[in-house]
Amino acid sequence: MTGLLGAALPAVPLVAGLIGLLLPPSPRGAATGEDRARRVAIGLGVAGAAGALLIALLLLARVGDPVETSATWIDLGGLRVTLGVRLDGTAALVAVAVAAVALAVQVYSTAYLKRGPHDDVEVDHRYPPYAAQISLFTAAMLLVVVAGDLVMLLVGWEVMGLCSYLLIAHDRRLPEAPAAAMKAFLVTRVGDVGFLLGIALLGVSAGSFRIADVLAHDHATGTLTAACLLLLAGVAGKSAQFPLHTWLPDAMAGPTPISALIHAATMVAAGVYAVARLYPLFEATPTALAVLGVMASITLLLGALAATAQDDLKRVLAWSTVSQIGYMTGALAVGAPAAALFHLLTHAAFKALLFLAAGAVIHAVGTTLMSRMGGLRRDMPLTFWCTLIGLGALAGVPPLSGFWSKDGVLAVAEAAALDGTGPAPAWVGWLVWLAGLLGVVITAWYATRLLLRTFHGEPRMPLLRPHDPPAAMRWPVLLLAVPAALLGLVGFVQSIADRLLVPTVPTLAPGEALLVHVGPALLLPTALLLLGAGLAWAGWRRDPAADPARALGPLRPVFARAFRLDDVQHALVVRPARALARLARTGDEVGVDGLVEGSGRGASGLGGGLAALHRAALPRAAAAVLAGALLIGLATVLIGGLP
């Protein structure tokens, strides 16, 4: 029964999505209340996400020890690909988070994408494929969560990339949306090439793609190191880690509910979960963990610094996601997959809350720019308090969820640095720990700035009359505020800690896993939090009409452009690729096509000339025959006279 539930988990939203894709488009210009296709699409989307959440909760209640079912799908000369699921406590918890956020997004979207009196009908017209693509997105992530075979995991991994492309480009009224979708698709594909090659190496080495077989096999050191490094390329792309992070901020061109789904439950969480799923392989490869630690530390600080100078509300949250994923990958690098997964769960709660609350603000004021907001606390009190909870959890304010999970990451990094615990070299622990502590200060600074610029001060658009969102948008935000505030407390529950313990990592036995740490070590992150928030508040207090980011001085444009790494990528990759493409096109058009078309034109011209001669009048033809005969006779005489 547990195996059947595991198979049904991705199947339910998959079926809902496939049926939704068969729905006809909504009639253009039809009133929303009369739009049958839209109502059916809403029913399918909500039912698929709710069914997945119910199954995930049943699995959470049923799954204790790891459960696995599999059947051989393809056997290529002894190289087996299987169909099956691999379930444990970690998979059940992550599945609950994915399904809960997906359900919140489906319900929220029914109001967020509802056509208003000043809106174009196009968004409403395309609601059925939108809801169906969310269901497919959810199914793909759940397949990654429960897959018992690397090939099945790869299928879910790639379907997510396709769905992200479709959903980011959903709003065709925005000229930047198609470009952002294409960029996200191509950048993540670059990483996915490495991910595919890494899976191929592991499968060929083990003689099977079944995850249990791959983990149990004694791989050669060189093969294992190469495979893990290739897998990290895919992780860098999917989880927006340096240097393949550039797609995520641009993906904010998509609808805000999709941003919540990508950032909280699907794409960016997939890379962290995949490494945790295969962690015994990485634990045996210190080189890969060292690379992961460097990547995590750079990404953590890069995302945090870039968030300090953004004016776009959604881009601040996007860069914060880049930074927070850096905390998770840093925990993986120092040998603490449980801490990484715990922060993944709390981040899913507070980041989904923040994006949906941001959507409520954007829905009310009609802009994403904080420079045009201000004073919204009075008109949108519910949104303000929910945003306050989300930002507090993001910054790590005790006792909100992010405080406990982020402190768990800092504690294991400190132990790795000072005591040399963990499979990676001690310098990796120092790098992650110091980057994490600095990240606490910066995160508190930009979270405080966002709150002050958006909800405090005087309104900068006084003619607007903003208000809290309608019920379909309000209830998902309110319900997400509960786990954003309290989810960290479940870390005190030993059974939850044991569920997040990777079963095949023998560093801690069940009953010894620690997700929360209470002691003097909490004082340092708390002091750094107060420092960052105090600096932002002091800068705002001196001039509430000014942006606290002015304190960055000449660094502000550098941070706003994220150190111009996107431009570097464009110069080193995009321009050479385009130049090579132009060269290939020119060679094809001038060389290959020119040769073919030139031979055709030559043959046509020769045929035309012969045809003209053939159609010549009789006197001219007789003269030509006589001239030819004379030439032949002359040639015969000359050739015959030669010695």
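Quantities reported herein were computed from a predicted structural model and do not represent experimental measurements.

A count of helical and extended segments in the protein gives 26 helices and two strands. If you line up the protein on its principal axes, its C-alpha atoms span 115 × 65 × 55 Å. Contacts in the protein between residues far apart in sequence, at least 24 positions, make up 79% of those at least 6 positions apart. As presented, the protein carries roughly 26300 Å² of accessible surface, and 70% of it is formed by carbon and sulfur atoms. Separation between the mean location of the 43 positive side-chain charges and that of the 37 negative ones in the protein comes to 9 Å.

What follows covers helix α19 (residues 401–418). With 18 residues, α19 ought to run about 26 Å at 1.5 Å a step, and its terminal C-alpha atoms sit 26 Å apart, in line with that. The element α19 is largely enclosed, with a buried count of 15 among its 18 residues. Just downstream of α19, Gly420 is the residue with a positive phi angle, here 70°.

Inspection of the secondary structure assignment puts His245 in the loop between α9 (221–238) and α10 (247–250). Residues within four places of His245 in sequence aside, it is in contact with Ala240, Leu302, Trp319, Val322 and Leu565.

Time to look at the pairing of strand β1 (residues 67–76). Bridging between β1 and strand β2 (residues 79–87) involves nine bridges; their strand directions are antiparallel. The partner of Ile74 across the bridge, within β2, is Val81. As consecutive antiparallel partners, β1 and β2 are separated by two residues, and within that stretch Gly77 has a phi angle of approximately 60°, a positive value.

It is worth spelling out the packing of aromatic side chains at this point. Taken as a whole and assessed by the stated rule, the structure comprises ten aromatic pairs. Between Phe559 and Phe563 the ring centres are 5.4 Å apart and the planes differ by 55°, which places this aromatic pair in the tilted class. Using a relative accessible area of 35% as the deciding quantity, one classes Phe563 as partly exposed. An aromatic cluster of at least three residues, connected via ring pairs, comprises Phe384, Trp385 and Phe455. Taking the ring centre of Tyr127 as reference, the NZ or CZ of Arg38 above it sits at 4.4 Å.

Looking now at a nonpolar patch on the surface. Residues Val482, Leu486, Leu489, Phe492 and Val518 make up a contiguous nonpolar surface patch of about 470 Å² in total accessible area. Looking at the secondary structure, you find Leu489 in the loop between α21 (471–486) and α22 (494–500).

In terms of nonpolar packing, the biggest core is built from 199 residues, with Leu9, Trp247 and Phe282 touching the most fellow members. Not counting chain neighbours up to four residues away, the residues in contact with Leu9 comprise Ala52, Ile55, Ala56, Leu59, Ala95, Leu142 and Val146.

We now examine the packing of helix α14 (residues 286–307) against helix α15 (residues 313–333). With their axes 7 Å apart at the nearest point, α14 and α15 run at an angle of 155° to one another. One way to sum up the angle between α14 and α15 is to call them roughly antiparallel. Both α14 and α15 take part in a crossing whose hand is left-handed. Residues Leu289, Leu292, Gly293, Ala296, Thr299, Leu300, Gly303, Ala304, Ala306 and Ala307 of α14 lie in contact with α15, whose contacting residues are Val316, Trp319, Ser320, Val322, Ser323, Gly326, Tyr327, Thr329, Gly330, Leu332 and Ala333. Counted by class, the contact of α14 with α15 contains 13 nonpolar, eight polar and no charged residues.

Next up on the list: the confidence of the model for the protein. Within the protein, residue pLDDT values average 88, and 93% of them lie at 70 or more. When pLDDT is averaged over each helix and strand of the protein, the minimum, 55, is found for helix α4 (residues 122–125) and the maximum, 96, for α14. Predicted confidence for residues 504–512 stays below pLDDT 50, and this span has 17 contacts to residues more than four positions away or in other chains.

Let us now look at the environment of Leu215. Counting through the fold element by element, Leu215 comes out in helix α8 (residues 211–216). Judged by relative accessible area, Leu215 falls into the buried class, the value being 16%. Sequence separation between Leu215 and Tyr279 is 64 residues, and the spatial gap between their C-alpha atoms is 8.9 Å.

With the rule as written, the count across this model stands at 19 salt bridges. Notably, a salt bridge pairs Glu158 with Arg189, separated by 3.1 Å at the nearest N-O pair. Highlighted residues: Glu158 in helix α6 (residues 150–168) and Arg189 in helix α7 (residues 176–206), separated in sequence by 31 residues. Glu158 gets classed as partly exposed once you look at its relative accessible area, which sits at 26%. For Arg189, a relative accessible area of 16% translates into the label buried. A salt bridge links Asp192 to Arg189; its shortest N-O distance comes to 2.3 Å. Pair noted here: Asp192 and Arg189 are both in helix α7, with a separation of three residues, about one helical turn. Each member of the pair, Asp192 together with Arg189, is buried. Because the salt bridges share partners, they merge into one network encompassing Glu68, Arg80, Arg86, Arg210 and Asp213.

Another aspect to go through is the environment of Ala100. Tracing the backbone shows Ala100 in helix α3 (residues 89–112). On the accessibility criterion, Ala100 (30% relative accessible area) is partly exposed. Once the C-alpha coordinates of Ala100 and Leu438 are considered, the two residues, 338 residues apart in sequence, prove to be 32 Å apart.

Here we come to the packing of α6 against helix α12 (residues 267–277). It is the contact of α6 with α12, at a shortest axis distance of 11 Å, that shows an interaxial angle of 165°. Overall, the two elements α6 and α12 adopt an arrangement that is roughly antiparallel. Relative to α12, α6 is oriented so that their crossing is left-handed. Counted together, Trp157, Met160, Gly161 and Ser164 of α6 and Met267, Ala270, Gly271 and Ala274 of α12 form the full contact between these two elements.

Conventions used here
The residue numbering used here restarts from 1 in each chain and proceeds along that chain's sequence as written. Per-residue local features are limited, in this predicted model, to residues with pLDDT of at least 70; the limit for side-chain atom pairs, both in listing and counting, is 80 or more; totals at the level of whole chains, interfaces and linings are taken over all residues. Here the side-chain values reflect all heavy atoms present in the structure, with hydrogen atoms and water set aside. We count a stretch as a helix when DSSP gives it H or I for four or more residues in a row; a strand needs E for two or more, and each element gets its number in order from the N terminus. In what follows, residue pairs with any heavy atoms lying within 4.5 Å of each other are defined as contacts. Accessible surface area values rest on a Shrake-Rupley calculation with a 1.4 Å probe, where residue burial reflects the displayed protein chains alone. Charged residues are defined narrowly, with Lys and Arg counted positive, Asp and Glu counted negative, and His plus the chain ends left uncounted. Charge placement uses NZ in Lys and CZ in Arg. For Asp and Glu, CG and CD serve respectively. Here the expected span of a helix is defined as 1.5 Å times the quantity of residues minus one. Only protein chains enter the accessibility calculation, which uses a 1.4 Å probe; a residue is then buried when its area is under 20% of its type maximum, exposed when over 50%, and partly exposed in between. Following DSSP output, two strands are said to pair if at least two bridges run between them. The rule is short: rings of Phe, Tyr and Trp, with Trp giving its six-membered ring, pair when the centres are within 6.5 Å, and they are stacked under 30 degrees, edge-to-face over 60, tilted in between. Charge-over-ring contacts are defined here by two conditions on Lys NZ or Arg CZ: a distance within 6 Å of the ring centre and an angle within 35 degrees of the ring normal. In this analysis, a patch consists of residues with relative accessible area above 30% that form no salt bridge, clustered at 9 Å for like charges and at 5 Å for the nonpolar side chains Val, Leu, Ile, Met, Phe, Trp and Tyr. The term salt bridge refers to a pairing of a side-chain nitrogen on Lys or Arg with a carboxyl oxygen on Asp or Glu at a separation within 4 Å. Here the nonpolar core consists of buried residues drawn from Ala, Val, Leu, Ile, Met, Phe, Trp, Tyr and Cys, with membership extended through side-chain atoms lying within 4.5 Å. Between the N-to-C directions of two axes lies an angle of 0 to 180 degrees, each axis being a line fitted to C-alpha atoms and, for a helix, fitted only over the stretch in contact. For classification purposes, an angle smaller than 35 degrees is called roughly parallel, one larger than 145 roughly antiparallel, one from 65 to 115 roughly perpendicular, and anything else oblique. By the definition used in this description, the sense in which the near helix is turned from the far one sets the handedness, with an anticlockwise turn below a right angle giving left-handed and a clockwise turn giving right-handed. Just so you know the grouping, Ala, Val, Leu, Ile, Met, Phe, Trp, Tyr, Cys and Pro go in nonpolar, Asp, Glu, Lys and Arg go in charged, and all remaining residues, Gly too, go in polar. Residue-level confidence of the predictor, termed pLDDT, takes values from 0 up to 100.

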